[in-house]
Structures are given as structure tokens and as C-alpha cells.
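The lines below spell out each chain.
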Amino acid sequence: MAPSIKRKAGPTPVSAKKSRKVMEPEPESSSGEEAYDDMIDEEEDSNDDDEDEDDEEEGDYIEGEDQAMGSDDDSNDDEDEQDEFMAAAEHDASSKPQNSMGVKNSSLYKAPTNDEIQGLQESSDLFKSNIFKLQIEELLKEVQIDYKKAQPLEAALRKLKEIFDRTPAHQELSLAAIKANMKKRSVVIPFPSPEPSSDIQYTFGYSAPSAMHLVGSFPLKTVSKSRDGWSVDVAVEMPEELFQEKDHMNYRYFYKRAYYLSVLAAAIQDKKSGMSSTRTEFSTLHGDQRKPILILHPSGDKSATDFKKMRCTIRIIPYIPSSVFPAQRLAPGRNNVRSADTTEQPPTPQYNTALQQDTAFTSHLTFLYQHSKNCAAFKDGCILLKVWATQRGLIRSTNEGFNGFLLEMLMGYLLQGGGANGGKKLANGFSSYQLAKGTIDFIAQHDFTAHPIMMGQQASSGEFSKEAFVSNFDVVFVDSSGKINLAGHVSKAALDELQHEARLAMKFFTESSDDKFEALFLKRVDSPILRFDNVIKVHVPKNIAGLKSYTKVAALDYPSPFVHFARSIAPLLKRGLTDRIHLVATRYEPLGNWATSSSAPDFRADSVITIGLLLNAAECARLVDLGPPADDLEAANVFRTLWGNKAELRRFKDGSILESAVWEAQGMDAHDWIHHFAVSHDSVHYWAGQLNKFIQYNSKAIPERLFDNKVAAANGFQTVVNAFEALSKAVKTAEDMPLSVTHMYFASPAARLSSTFIPQPRDFNVPAAHFPDSAQYVEPLDVIIQFETSQKWPDNLKAIQRMKTAFYLRLADKIKYKGMRATVVEETAEHSLGLNGYLDVRVAPGFVFRCRIAYDKEITLCEDIISDRKSSQSLKEQHQKALDLYNRHFVQAPMHTFLMHALAHKYPSLSQTIRLTKRWVSAHWLAPYFNDEALELLSAAVYSDPAPWVAPASGFAGFARVLNLLSTWDWKHEPLVVDLNGEMTAKERDDIRHNFANTRKNMIASNSATSPQTKTTSISSDHASMFIATNKDTFSRWWTWQSPSPMMVARLKALAKTSLDHMLKVTAASATTSSSALNALFITPTAQYDVVIDLNPAMCTRYAQNLSPDAQYFVTKGDKYKNLGTFQKSVFGEQILIGFDPAAEYLAELQRTYGDIALFFHDRYGGTQIGVLWNPMALSPRAWKVNLGFNSKPADVNKDGVLEVAKELSTKAKNGKTTGGSKMVVPNIEALMSEIERIGYGLVRSVQVNRDPSATN
Amino acid sequence: MVSKKQKSEDSTSAAGGLDQISNFFILPLHMPSLTTTSKSSAYKNILHYLYFKKHESPKEDAKTPKNRTLFVLNVPADATESHLREIFKPCGRVVSVQFISRVRDNNLSKEEREQQEELERLEKEAALIEAQAHTAGTKSGKKGAKKQAAAAVVQEEEHRRLYATGSQAYVVFLEEQELNKALAMKRKKHSWINSGPDASPADIAKLTGLGVSKWLNEYHTRRPEPSELQLKVDDYMDKFERSEYEAQQAALARHNVMDDDGFTLVTRAGSKGQNSDGVITITAAKAEDVKNLKPKKKELQDFYRFQMREAKRDKLVDLRRKFEEDKLRIEALKVNRRFKPY
């Protein structure tokens, strides 16, 4: 697709040479040819350099800067250039329209201008590709704000200053006095917890701010709109004289700050202020409860200061100049919070940075502003970076995470350092794309622990040394003053998450074969169940403050026990889960804003923390965790404290005695770490295996004697594979065969680990009567046999089929002696030319393999007839059908099996995802319209191209992603490309896109060509309305060509959307939810069907697979003989029937008989109902004719079968009118229903007519 | 013409005869309602409508003789010969019933359809003869044959075929008067099956070939005794080889033989892709071999100045085209408002 694929997202340094060259004045007379030469020279240069410097962006910043200077000079606003180029091209084209080459070609072949060459070149060098660049431009337009509308905002800001200045100053009021004062003005001072005690001696005061500054992204023009809107930050400098020397201690600064803020709030709310109609709220700065801020919402009164049109809020942030407190006192290792409860004075780094950061707003702004001046694309780069981070939920308003400001600072830092060998990582001449990518690359690769970022002068020792920072903070990112850790509040878990996302993003950036713009910037990806493999919801215990882990010492730096708790989850989980997981991420709802008249909220005791786990697919199912050896007392102790009573000493095979922890079940167990937090079981909800029960036999209703889920789960698909091996051996060594067998392929869904149910052996020695009829079904498994080549086969398709039968007979006879009973089955009529007959072989311990012989000559025979001009159209069609059948069955299916099998081994959870998907589709009665293979490919798509996430490692996440894919994919405009083996080339992708475009073109053409009358053709002419292509099937030819129809695709999409919404709702619910809430995913609404046919479960051989079967169909008759385990004689006879399912037979019969006028829906897995929808086109009254095609009745017949208007009509006829009345017919729905009942005689229990469309007509 | 038809319609309906639609008589049939539940009362008294008229065809066909054949439309999907025989029994003696299934051979030409029908007939006969031969050893004489024929009819009932909804049939009467009698049928209650309390065993039997028993039957029919199947296969292969041999002989006979006018028609003999007059044999190259042939030596690249120039120009054109395509794609995406991240 993207024409740019082959070009690398090259680094810029090369263009230094080029841009200089381009600047050289070119003589006007230079011919087009010379210009070509020039361009190509450059191309070659750049290509060479590209090769050398791929992925080496860090190295050559000097050259890069060089280039930047160059391009700075010649207006590096590439947009303008492009426009000019386009305008020129258009002009050129319009000036000579007579050109025989056509307008488009002439503009393509005209001599290039230098500008144009540079423009084209630039987008491939500076940006990944043209399309990427164009997309970025469009994106930026969407998220940038319009500064032209800022006038009312500026007026509001001026007004604010005026109000604050006007507010009378006062000094030295006691705590009681200010509380009373504020209460009068109905403002509750947002003191951070712990609240100041009433016996404090210091006093509070106010005087007009010594300065006010616009800070943050608004003045920098790096605002990016987001879902929650955006804000203008106003930093209000509190005068120095309000503070005393010791105010940095024990929250005194923060109390005074809170009071100052409430004075400002009260001033604005004052009726005389002129802005009292503005709604004000308190909030916290980056979720730090110590630092309340004031939020102003636009008044909406259309006054001069109403900034509603900007859709933003104003945030008022009080701060102090850095000179107020000596820097030394706030060094990371200092203690500034004393407590009566403890004599210890541990460092309070969180408290210290919180205060420090309040002193540096202006200096940081200056820093960023400097960069935005030097680097033209800095602003856009920041916006891109922020959009990327916002989409991933990385920018959030809880305290432990990152924020936009930090990312901007990081980019600023990288413009002056952070590169290899102490160089710069980014250069000023970079494009926005390169800046964002470079920053993300840095985040992805940088080892923040080993090399903390120190921007400015680095103190080698002392309180501001690297070591001091590292030992006190999770993440260190010290600003240029060398004293303030910008990322002091960030937790290690948040950094891990950011780095994980950054690594992922780099993969998308460098992926050459596909354009990942959408995944990078446009998709919102922070929904937990889609993003994580397992999701845990923890209800915070009520006694949270009393938890053992929340020590008095911890309380000094973390006044909120909730925040402390939330922060400590991730490290603990990481310790316990070790390499089972790749990532732990925690989330909780931020505090939000509160009205100035109410007191500051705190995290409620029943708050929910969401934990997301990304599993390591290879390790997560491990049963035993090994600890240290028993004689390492210290380590053993640590292990024991971590694992509690789970830890035990074990001796292992190799003789070592180790501490170990045994996991109860395969996979994760949420409860293992609970003892650490004293959280009760009920308040933890672990979303992981809740869907597994849907792909097992319902153990509540079905006795283990029939189907044992535990055994099946333990053995998996291995039992059936072993049975196949046995068969393969028997067949290959069969003696006296005219030809020897060279290959045996196992090509059923079970072979690719994707059959909805794990095949369970059926003991063939037990007579059928020992099974209830509703569990009689034995699934045959497809096997393909290939013989050595021989010249002796006949040259006639029909004769070949007979020959195969002869082979089946011989083979059946030969393997009989190896204990395998084989039955030759002869199919008649329907597949007369293609598949005809097969061999069912029973193999111990109880599987049936359906063997077919492949003979590749059939392909050539069919092709010969199809390409022969002499053969008739119908003959061609017949052979085309046979050829397709052959290809699908003997060529594509084994290939598909091979690829899917490999993929299922690469991604262990794929099997579950596929099985869930199949079950879900079938549960909604859509099984008749979707091939197994198509559903497998759909599921595989979620793994082969998991962007914007990583490939799921649990069936739960996999299934959620499939639903997400189905509910969002635009089948009309996009082909789904599934790269099964990861080897798809750009060319193949191009081909697929091309094929897709052609299919859609044809579809539209055929749609418009068919009139509404010919309803049947309009269905059959749509091809591949669900276009799923692989590199083995670039036309989407084999699995989704005929079916599903667009209507089915639309239905699937709607169902997927509802299901996903339900899943999101259930898992997001904060209340502990019962896992049965997910049952609704598999319950389909039946009301919209015209008719629902109810089948007798006792006659449905697959009823055991039903989602909620009734146990009465599986119990033995009569309690007396229970131990005999026999059922009354099977209605199907003594024999065990292979693949016999009356419901499926009935469905097929209905489709054959009524396929043109109705659609039939059914759950293949033990469904006992069939839904019918009449084709609305077929129902309308139409003129009678001989070849009508359905069971009809005259439109005006009465209920006794007499034409009512016959007489009336005859009089009309005399007037020459022949239309209407008894010339018209409608489908005879009642008679059709009667027929349908008779066809299903013995199986149909009742028929429920919901709607009779003919009655309304 | 129209008014004529109308008139006849008038007269028949007045006389208690059948209604007509476009020259076809409408025969209502009462259908059983087994289990349907619906609010509508229509499901209590279900009527199916057969349409029929005299068969008129420009071509004379022995199977559907003129003046004795009734063309019946809208046959129920589960119709059998005996169903239709029973309905028209009061009118006279029905010689044969032929069904025309609508969907099956939809896209076959007429000749092919005839061919296929012929084939089917032959197969049927062969099966009958085979069955007779089978029992010939044990029982002989007319009695045995008769019994066999009866068995075959029963077998046909068991292997019931379903017809796509709205199929057609020809009912052939023994004599012309009988046909006319059918055309002058009076309005009278005709039931397809008597369900309900007064259902006779015969009525119940009409259902036995349907549904579960039909599918079971089919299941077992598809799995014949190996010996039987072996016989069938051997027989087929014998015939096939014989016909192959005959065809080969015939071709050989024609091979390089001068006709009366002195021309020799050159035909192919021997295996495909090979031609021989007995002395010289010419074999066609195989597709794979052709593929593997070494490509001809290419002309030098980037040798002439014009080549380089053209290559450069093409490269630029390519760049431009891609740029244009990209812009178009972006436009398309823009229309769908695809750039709003939130």
C-alpha cells in the first residue's frame, strides 16, 4: 500500500549535503534532463548514506545540526513548498491540456523544479514517508488550538490579575481566624492532610501576588486538545514576606499555600469581582494532594471575559520564588516532616520535591521556550508526543504517573544531550516526526536506573549527588539546576509502563511493510481488558490505614494510605510473579475536582485499583516457583515472607533442596499474594479464566462419564495427535497397496489446536445404547492421503473418483488387521466431480479420521476443461466448482493447517482465542455463514498484527481483541491482511490492496447493475464482503469469497459491538461482579427472527455441547439401574454414527429447499433452535409466473381458498385492466411452515412464528 | 384472448369449479399443522395451492404426450409420485409423474438436462435390474419380479427426494378424457395428509420417509457393504476401460487415413502433448521446463546515456505518482474523519 514502504525513514544528516547543493543557484536554462540527473545523483547519495546510517540517529548530531542550519535558511516550512509544487503542477497541466498524454501524465512527466525535488525528497528523509507526513499534518490540525480565539481568555487573565491585586492584604491571622473568615465567604480551605493542628503558633497572611506568569503548554503553543479538554496554567507568585524560615517544615508551606489559594478563590467569587459568574473548583496539581490548585471554568455569559469558545479551563497555581528556602534543606535525603508518633527521621523525598517543584515554574518555562525558539518543529514534536502518550493513558492525573510537562522537558533535554558518547540525541533541524520518534526511542532504550538523567551541573558528592537522588527516588530526572527531581513523584511501575509502550511504538515506527500511523496516534488504547492479558480489580480494604505495610515512617512521606497502597502493589506483584509477567500496571480513578465550598475529598475506602498484567506466554503457566536453597538462611527468609504459608521446602529430582511455591492451577492465581494486604477474597476480582467454561462441556449437566473436562484440559490436543500418528503409521505401512502412501496430512481444526472443543475419545467398544442420544455425536477429523505419483490413473475426473473408491476399499481391508475399523463412504449427487467418497477410520483410543485421497492431476484436468474454448459454459462452471472444492480441500486446507499450527505454537493463547471466537459466533447462530478457517484467520489477525498493543497472551484478552476488531473494522473499505508467518513482503501487501480494490469495484458495479427484482443474484454477486487475505490467499478467495454476505458481516459487527460493550461494562464495574455476568455474551436474542424452530434435544446428537444443556437428557432411565449406565435403546440404532447430526442435516435440507427465500440461523454446537428470516424482497406481492421459485398463493385468496375479488376483477378486466388482484401472488407462509415441519419430521418439537410478514402485506 | 380466459374463469367459478390464475387452475390442498404456534389463525387451516393446466408444448415428447399430460406447478417440497397419484385418482388413471426440480440444474442447458435425465433413468433401470439379478438366484418367475418391482417402489418412497420450493411436475394420464376430467375438477376438500385423530396409518406412513428417518436412511445408504461397492467400482472401471479402449481404437482408425476426397485429417495419437506418426515423435515442452529455461541474456543496463536518463525520469515520475496517490488516500481518510484522535 504505502508507496513509501521501501524507503527508509532515513536520518537527516545526509540532506546536509543535498540542501547545500540545492541552494546553489541553478541556471535558468538548465534543461529538464539535467535536473533529472541532479535529482538522481542526490537520490543515490542519500541511498548510500541511508544504508550506512540506518538506526544510527544518535551518532551524527553535528552533521544534523549542520543540515538544520541549511534548511533553516531556505524556509523549511515544507508545507508551503508542497503547496507551491502542487500549484505549479496544476498550472502546468492546465496550460497544455491538448497534450496527447492526458493531463495527469503530462504533469507527471514535466521537468521537475528544484523546489519540487527537495519537497519530494524531504518527506522521505525527514518523515517516514509522504503519507506519514500528510497524516501528521492532518493530525496536528485536529489537536492544535486556535490562538485567534484567545481574546476573551486574555481579557479574563488580565481581569484575574486585577482582582488579585485589588484584594486587600492582611497579615498574621491565626488558624481559627482564617477558617472563620473563609467560612463566611463559603470557602473551605483545602488544607492537605494531615490537617494543621489547632495549636499551631504560626500565622497566615495575604498580599497581592508579586508576579503572575502564564506557564505550561499554552504560552509554549504546545497545547494538544484531549478528551478532558485542556487548560491554561497561571502561576501566581506568593510574596516572599508571607513565609518564615522554618516554613518548609511539617507542611507549613503547604498550609499557607492552601490558604493563599482560598483567598484567591474567595476574591474571584466575590460578587464585586466582576468574574463571580465563573465557576470555580479546587483540584490537585498532578494528583498531589499536598498541592491544591484553583480551576476556573468559563462563565458562559458571553461577556468579554467568557472564554467558552476556547473550551478550556484556567488553572491557578500558587508558587514561591526559589529564594524563599535554602535549596540545601530540601535535598532528597533530608527529613522535613516530623511526627509525634515516631522518633525516626527518615528522608521525605516526596515531600521535598513537591515543595521544590513549586519554585521552578518560570525557569522550566524559560528552558522549554528556549528550545521551541531554536528548534522549529519542537512544538509540533511535543504535541505528537503528548497525543501518543495520552492515547495510551500514560498522561494521567494521578500522582505516580507521567505528565505532558515531563515529556516536554525530556524532549528539551534530548535536544541538548542524551545521545551516544555524551552527544545530543536530537538536533534542532529535525522534523516533528523525528523529534517525537527520537524521544520515544530514548525512552525505550534508556536505562533510567543505571543512568539517571541529570540535566545540569552534576554534583559529584553531597546532598545533590546522583547517588542521593537514586537512593531516594524511583525515577530520577533532575533539572538544569541540579537540585530538583522533575520525576520525583513517578513510580517505577509507571516508568516501566512508559518504556513498554515506547518500545512497542518503536516497533511500529520501524516496521517497514505497513503504515502504523493509526496505531501510533489515532487509536485509543487504554481499555484494560483489551490492553492487558489479565485484569485484576482490587477493592481497597476498609482498614487501609491500619495495614502492616503502611508504617509510621511511610506515613511521613505518603500522607494518604491509599496512594501508598496503590504504589506498593506493582513492586510486590513483580517480586512474586517474576518472569511470568512482562509488565504490571496499576490504575485508579484520580480524585477529581471539588467545589470550593466543600472540604477536600480523599480516596474512599472502597476505591478500586485496576491492575493490568502482561503475561510472558512461555512462563506464565509454570506450576512451581523455585526459591533459594534451604541453607541460604537469609534468602530463604525473604522468600518465606513473600510467599507466606505457600512456601515450602522441597527436594527436587536433581537432589537439591529448595524453597518453593506451588501454584494451585495452571496460570495465575490471584489469591497468592493477598496475605500481604489482608484483602479479603471477595474484594479481589481476577479477570482471566472466566470464559474457559464456554469452550468446555457444561460440567453441571453432563456426567463426567460422558465427557471429562479435566482430563481433556490436561491432555489437550495431544491425544488426538497421537492417534493420528498411529493412523499415519498404519496407513503408510499397509502392505499390498498398488501405490505406496507418501504423505498424510491432518487437516482438521483439531490439528491446528483450534476446534471449539478439545476432541475427546469415544470408546467404540461400548455400544451406542450406553450413550444418551443427545451425546452420540462423534466428530470426524479430516485427513488427506497422498500416494506416490503414478501414470496409471485414468484421465477422467469421474473415473478418478471411482479409482479412489477402489483405493479406499483396499486400504480399509488392509488396516483392518491393525485394529482399525474403516468404513468406505460413497457420496452421491452433490459433489459429483470433486470430492466424492471418503474413508472413515476408527482409531484407538476413540477418534474417527475421515481420510480422502488427493490426486493433484485433478487440478490440471479441471483447468484443461475450463480453459478449453469448446466446452460449454455450464461444463466450465461445474469444473470450476470442482476445482475450487479440490483446491480448498486438498491444497489450501493443509497449508492453512500448517501455518495456523505454527502460529498456535508461537502464541499459546491463540488456540483459546480461536475456540472462544468460534463458540461465540456459533452461539449467535451465525455458524452457517462463517467458515472455521475464516474465524481462525480473524483470530490470528489479532496476533499477527496486534498493533496498537502487543500480542495477547491470554484467551480472555485475545477474545476481547477479536471482538474489538470485529466491531471496529471497516470491511467495506479495508482488506484485513493476516501475515501468518511474518514473512509478508511489501509487494504482497500492495497486491492484496490492489485485489481488494478490484473486488470492491466489481461489487459496486454488479450491485448497481442488478435490479431489485433479481434478489438472488444480488446476494451471490457480492464477493468477499469480508476480505481476509494472507500471503497464500491474496484474493481472499478460499474462506470468505461466497459467504458471509454483507448482511451477515453487518450483523456480526453489531453483535461484536454489543458483546464488547457488555464485556467492558462487566469488567469495569467497580462492584465485585459475579463471573456469570459474562454468560450474556453467549446468549443470542431470538425475538428478531420471523420464525424460530424448536428442535427436540433428545434427537440432537450434539446437544451435550449446548451452552446450558438440561441434565435430564443425560441421566439414565430409572434410578434402579443407575449402575448399569444404559439408556433406553437409541432411536438411531445400535451402531455408532459418525458425524451424524440431525440438526445439521435438517439445516442443510432447509437451505437446499428454501435457500432463495429465507435465511436460516443455527448454533452448530448443540443448538436446539433454528432461526428463520424471510427474504423481505421475496415477500412482496409479485406478478404470477410459471417459474416463480417459491411456494405461493394468490394475493387475494381468502382463508377458505376462494379468490375474493375474482368477480370484481373480471369487471375491471373488461375495462382493459389486467393488473392487480388474482394476477399477483405472495409466498404462502403457512403452507411453507407446514412443509418445513414435515421435512423435519421427528426432529421438530414446535415452531414459533414471531412475525408473519405476509399477513402484514 | 384475455377476455376469453376471463369468461371461462367466470363460468367455472360460478359452477363450483376451480378458480383460475393466468390460465392455470388453482387447487387448494389442506395441509396439516403439526406443531406451529402462532397468534395468527391462519395456521389452523393451512391451504397449499397447486396450479395446473394442460401441458402444451410445440415439441412432441414421448414422456409427456400431448393431450394426456397435466402440467402441475407449485408442488410441495415433500411431494412424491403417490401423493400426486392420489390427488388425481378420482379423475382417472395416472400413468406417470415426472418432477422437475427447479434449483438443481438451473444453469444446465436443455440438452444437458435431458442428457442427465436420461442418465438418471438408465441408472435407475440398472439398479432395478441389478436388484432383480440379486434375487434371481433365490426366486424366479413373474411373482418374484413383481415383488421386486413393488420393493423398488417402496425403496423409492424410503429414499424420498425433496424438491426445492415451488417445483413443477408433469402428470400423465392414460387417456385424454381423464385429463379433461381433471381440468374440470370441482371444488372439493383435498387433504395432503390427515393429521389429527382420524389419521390413518397410510397418512402416518407418508411422513415416515421424512425427517430423521430420511437422514438416517441416507446415512446408511452412503455406507454400502464393501463387497457391493467393490462390485460397483469394478463394474464401472470395466466399462470405463472398455469405452476408453474403444475410443482409442476409433481414434487410431481415423489416424492418418485418407478420406474419399483425398485429404488426410491429421489427428493426434498417443499420449497428450506428444505426436507421432510411428517414426518421428514430437513431444511438447512441459510447463515446468519452460519456466526453468534460462532467460535470454539481457541487454546491458545503464550503458547508454538514454537508459540512465529514462531510469531517472521514471524514478521521478514514480515519486510524483506516489505523492499524488498518497494525497488521494489522505483525502479519502479525511472524508471519513479519521484524524480525530479523541
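Just so it is clear, the model here is predicted, and its values are computed rather than measured.

Analysis parameters
- Residues numbered from 1 in each chain as written.
- Chains lettered and ligands numbered in written order.
- Predicted model: local features only at pLDDT ≥ 70, side-chain atom pairs only at ≥ 80, totals over all residues.
- Heavy atoms only, no water.
- Helix = DSSP H or I, 4+ residues; strand = E, 2+ residues; numbered from the N terminus.
- Contact = heavy atoms within 4.5 Å.
- Phe/Tyr/Trp six-rings, centres within 6.5 Å; stacked < 30°, edge-to-face > 60°.
- Buried < 20%, exposed > 50% of the residue type's maximum accessible area, 1.4 Å probe, protein only.
- Lys NZ or Arg CZ within 6 Å of the ring centre and 35° of its normal.
- Pairing = 2+ DSSP bridges.
- UniProt positions renumbered as here; feature names shortened; annotations may be inferred.
- Axes fitted to C-alpha atoms, helices over the stretch in contact; angles between N-to-C directions.

Enquirer: Please explain the side chain of Glu 1235 of chain A as it appears in this structure.
Expert: Assignment of secondary structure puts Glu 1235 of chain A in helix α38 (residues 1229-1239). Sequence-distant contacts of Glu 1235 of chain A, defined by excluding residues within four places in its chain, comprise Tyr 1154 and Asn 1191 of chain A together with His 48, Pro 76, Ala 77, Asp 78 and Thr 165 of chain B.

Enquirer: Any chance you could explain the packing of aromatic side chains here in plain terms?
Expert: Each aromatic ring pair is characterised by the separation of its centres together with the angle its planes make. As enumerated under the stated definition, the model contains 60 aromatic pairs over all chains in all. Ring geometry for Tyr 206 of chain A versus Tyr 260 of chain A: centroids 4.8 Å apart, planes at 35 degrees, classification tilted. Placement of the pair is Tyr 206 of chain A in strand β2 (residues 204-206) and Tyr 260 of chain A in helix α11 (residues 252-269), with a sequence separation of 54 residues. Relative accessible area serves as the criterion here: at 0%, Tyr 206 of chain A is assigned to the buried category. Ring geometry for Tyr 236 of chain B versus Phe 240 of chain B: centroids 6.3 Å apart, planes at 5 degrees, classification stacked. Of the two residues, Tyr 236 of chain B and Phe 240 of chain B are both situated in helix α8 (residues 226-254); the distance of four residues between them amounts to about one turn of the helix. Classification of Tyr 236 of chain B as partly exposed rests on a relative accessible area of 25%. Through a chain of ring-to-ring contacts, the aromatic side chains of Phe 191, Tyr 202, Phe 204, Phe 243, Tyr 251, Tyr 253, Phe 254, Tyr 255, Tyr 259, Phe 325 and Tyr 351 of chain A assemble into a single cluster. Sitting over the ring of Tyr 219 of chain B, Arg 223 of chain B keeps its end group 3.7 Å from the ring centre.

Enquirer: I tried to follow the pairing of strand β5 (residues 279-285) of chain A on my own but got confused; where do I start?
Expert: Each regular strand displays side chains that alternate between the two surfaces of the sheet. All names here are of chain A. Of all seven residues in β5, six are buried, a share of seventy percent or more. In the sheet, β5 pairs with strand β6 (residues 288-297) via seven bridges, with the strands oriented antiparallel. Each residue of the ladder has a partner; that of Phe 282, found in β6, is Leu 294. Taken together, β5 and the strand that follows it, β6, pair antiparallel across an intervening segment of two residues, in which His 286 is found at a positive phi of about 50 degrees. In this structure, β5 lies alongside strand β12 (residues 594-595), joined through two bridges in antiparallel fashion.

Enquirer: In this structure, what is going on with the UniProt feature "domain: Nrap protein" (unreviewed entry) in chain A? I would like to understand it.
Expert: Taking the numbering used here, the UniProt-annotated feature "domain: Nrap protein" (unreviewed entry) corresponds to residues 232-373, 377-523, 529-671, 709-905, 907-1070 and 1087-1247 of chain A. The straight-line gap between the two end C-alpha atoms of residues 232-373 of chain A is 20 Å; of that span, 28% is helix and 22% is strand.

Enquirer: Just to check I follow, could you spell out the sheet that holds strand β17 (residues 684-687) of chain A for this structure?
Expert: In any sheet, the strands associate via hydrogen bonds between backbone groups, in a parallel or an antiparallel arrangement. Residues and elements named next belong to chain A. Within the open sheet, the four strands sit side by side as β11-β13-β10-β17. Their pairing is antiparallel. In the strand order of this sheet, the two ends are held by β11 (581-588) and β17, each with one partner. Direction aside, the axes of adjacent strands within the sheet are offset by 15 degrees on average. As defined by bridge partners, β11 adjoins strand β13 (residues 608-615) across seven bridges and the pair is classed as antiparallel. Residue Leu 583 lies in a different strand from β13, and its bridge partner there is Leu 614. The strands that helix α22 (residues 561-577) touches are β10 (534-539), β11 and β13; relative to β11, the one it contacts most, it runs at about 170 degrees.

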